Amino acid sequence: MAGFFSSPVLVFSSAIALRTSFFFYGLWQDANSPMKYTDIDYYVFTDAARFVSRGGSPYERETYRYTPLLAWMLLPTTWSGTLFSFGKVLFAFSDIVAGWLIVLVLVNGKKMSMERALKFASIWLLNPMVATISTRGSSEGLLGVMVIALLWAITQKKIALAGVLLGLGVHFKIYPFIYAPSIIWWLDDEHIGSPNPARKAGESRSLVTIAKNFLNEARMDLTVTSLLTFLLLNTLMYTKYDFPFIQHTYLHHVTRIDHRHNFSPYNTLLYLSSTSPSTHTVKLESLAFIPQLFLSAFALPLLLAKKDLPSTMLAQTFAFVTFNKVCTSQYFLWYTILLPLYLSITSCTLLSSPRTGLLALALWVAAQVLWLQQGFQLEFLGKSTFVPGLWGAGLAFFAVNCWILGVVVKDIGNIGNTGGQAKGVGEKVTKRGEGKVVQ
């Protein structure tokens with residue numbers, strides 16, 4: 001296998017072949033099986049593109065809850081029947097581009113050899129789950145490119161480009177906003193290669209001085225460019241599609257009560273809410289965002305971002321998905337794309353800690369299988385498995401994810417504290433007390 005991973009051509013050719021195989025198998029299954037391979041969301045995307053091609057709004061397609069950019073990108077699917085699968089090819093190609101960006105971050109940012117970088121990137125590139133989801137017509141691969149491109153831009157100190165990518169990513173799908181606190185907190189002067197001059201003895205430590213030191217050029221550039229990009233895109237879409245754009249792209253996600261294919265522990269509660277109106281002013285599930293955002297957008301960035309940015313982004317995403325009131329299998333790609341970067345530096349790799357790594361993987365898969373078994377009986381066999389079956393399986397999956405999140409947070413917290421050689425993206429880890437002491 002060493003020879004295989006020493007060749008980028010072999011690795012990427014295999015990744016392309018994997019997706020090509022799934023793509024053509026999907027065409028066969030759609031034509032010959034009552035259980036279709038193509039994701040229902042793909043029909044939503046292409047229907048929206050058809051409305052746009054006729055001069056209408058993508059929101060004329062019921063359940064289209066995305067930016068119009070996605071419908072615009074899929075306009076070729078409306079040109080002829082042979083191009084109906086254009087979107088699947090685009091999403092699968094995005095997987096490949098994202099994989100190459102992972103390699104670039106590992107090689108250029110972490111100074112890793114190409115062979116070792118390809119091994120870690122293969123966690124994404126040669127992952128059957130990733131290939132299946134993209135070739136079924138899920139657009140998560142597009143967002144994966146944006147997230148990894150954002151990280152690559154930060155490692156290359158292309159701050160303005162990073163701001164544009166962050167604004168675009170949040171416009172495309174809301175959740176990447178959680179990365180902003182981590183990136184801003186990480187952007188100390190030493191991380192971008194422009195350390196502050198040594199402070200003079202007796203220098204004022206007032207709040208004004210601290211604020212001036214915090215608001216460096218990189219942080220200001222990232223904030224301004226990301227906000228301008230986000231506002232410009234939203235203004236353009238609102239001007240063209242009016243309030244339906246705001247309602248379906250953003251506001252819907254605050255009140256959504258999707259319960260089908262939902263691994264979240266809120267699943268049963270969402271089902272009950274969807275079948276009977278609540279007499280309470282505030283529904284319990286509407287408060288789900290409180291622990292979710294506290295962990296993913298505040299606590300984890302503050303505690304971990306200065307240790308290692310990519311690993312912190314993984315922890316944030318994992319927490320966001322775990323505590324989200326809606327959690328489908330596509331969401332797993334949100335953190336899977338960051339997994340190679342985390343495993344490249346932490347103790348939870350299968351090489352240095354096989355028991356922890358294998359146990360985490362086994363429990364994560366087993367908990368999904370348990371939930372899917374209950375979901376299959378409910379949706380395909382018509383058996384009422386809500387309580388205790390589906391509810392208990394959702395709690396089990398939630399518990400497993402919380403434990404894995406704890407492992408990840410502990411690993412990141414240990415970076416630089418054990419005297420090891422772990423490094424964050426573009427940063428050299430030093431022990432406390434090293435360097436010149438200012439009297």
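Nothing here was measured: the structure is a model prediction, and the numbers come from that model.

Peer 1: Before we move on, could you go through the packing of helix α5 (residues 86-109) against helix α8 (residues 140-155) and cite the residues and values that matter?
Peer 2: The contact between α5 and α8 brings their axes to 8 Å, and the two run at 20°. The angle between the axes of α5 and α8 places the two elements in the roughly parallel class. Classified by chirality, the crossing of α8 by α5 is left-handed. For the pair α5 and α8, the contacting residues are Leu 90, Phe 91, Ser 94, Asp 95, Val 97, Ala 98, Leu 101, Ile 102, Leu 104, Val 105 and Asn 108 in the first and Gly 141, Leu 142, Gly 144, Val 145, Ile 148, Ala 149, Trp 152 and Thr 155 in the second.

Peer 1: Now, about the confidence of the model for the chain: what can you tell me, with residues and values included?
Peer 2: Per-chain confidence: the chain averages 85 in pLDDT, with 84% of residues scoring 70 or above. Every residue in residues 198-202 scores below 50 in pLDDT, and together they form four contacts with partners more than four places removed in sequence or on other chains.

Peer 1: An account of the side chain of Ser 85 is requested, with residue identities and associated values reported.
Peer 2: Secondary-structure assignment places Ser 85 in the loop between α4 (68-73) and α5. When sequence neighbours within four positions are dropped, the list of residues in contact with Ser 85 reads Phe 23, Leu 27 and Tyr 42.

Peer 1: Which residues make up the nonpolar core, and what values do they have?
Peer 2: Of all hydrophobic cores here, the largest spans 110 residues; its most connected members are Tyr 64, Leu 70, Ile 154, Tyr 179 and Leu 338. Looking at this core element by element, the count peaks at eleven residues for α8. Residues in contact with Leu 338, not counting those within four places in the same chain, are Val 147, Ile 148, Leu 151, Tyr 179, Met 313, Leu 314 and Thr 317.

Peer 1: Residue-level account of the UniProt feature "transmembrane region" (unreviewed entry) in the chain, with values.
Peer 2: Within this numbering scheme, the UniProt entry marks residues 83-105, 162-187, 222-239, 332-351 and 388-409 as carrying the feature "transmembrane region" (unreviewed entry). Annotated as 87% helix and 0% strand, the span residues 83-105 places its first and last C-alpha atoms 34 Å apart. The distance from the first to the last C-alpha atom of residues 388-409 is 31 Å, and the span holds 100% helix and 0% strand.

Peer 1: Tell me what's going on with the pattern of salt bridges, and back it up with residues and numbers.
Peer 2: Inspection of the entire model under this criterion finds nine salt bridges. Measuring nitrogen to oxygen at the nearest pair gives 3.2 Å for the salt bridge that ties Arg 19 to Asp 95. With a gap of 76 residues between them, Arg 19 in helix α2 (residues 8-32) and Asp 95 in helix α5 connect regions that are remote in the sequence. Both residues of the pair, Arg 19 and Asp 95, count as buried. With a shortest N-O distance of 3.0 Å, Arg 61 and Asp 47 are connected by a salt bridge. Of this pair, Arg 61 sits in the loop between α3 (40-53) and α4 while Asp 47 sits in helix α3, placing them 14 residues apart in sequence. Put simply, Asp 47, Arg 50 and Arg 61 are held in one network by salt bridges that share partners.

Cut-offs and rules
- Residues numbered from 1 in each chain as written.
- Predicted model: local features only at pLDDT ≥ 70, side-chain atom pairs only at ≥ 80, totals over all residues.
- Heavy atoms only, no water.
- Axes fitted to C-alpha atoms, helices over the stretch in contact; angles between N-to-C directions.
- Helix = DSSP H or I, 4+ residues; strand = E, 2+ residues; numbered from the N terminus.
- Parallel < 35°, antiparallel > 145°, perpendicular 65-115°, else oblique.
- Left-handed = near helix turned anticlockwise from the far one by under 90°.
- Contact = heavy atoms within 4.5 Å.
- pLDDT = per-residue confidence, 0-100.
- Core = buried A, V, L, I, M, F, W, Y, C linked by side-chain atoms within 4.5 Å.
- Buried < 20%, exposed > 50% of the residue type's maximum accessible area, 1.4 Å probe, protein only.
- UniProt positions renumbered as here; feature names shortened; annotations may be inferred.
- Salt bridge = Lys/Arg side-chain N within 4 Å of Asp/Glu carboxyl O.

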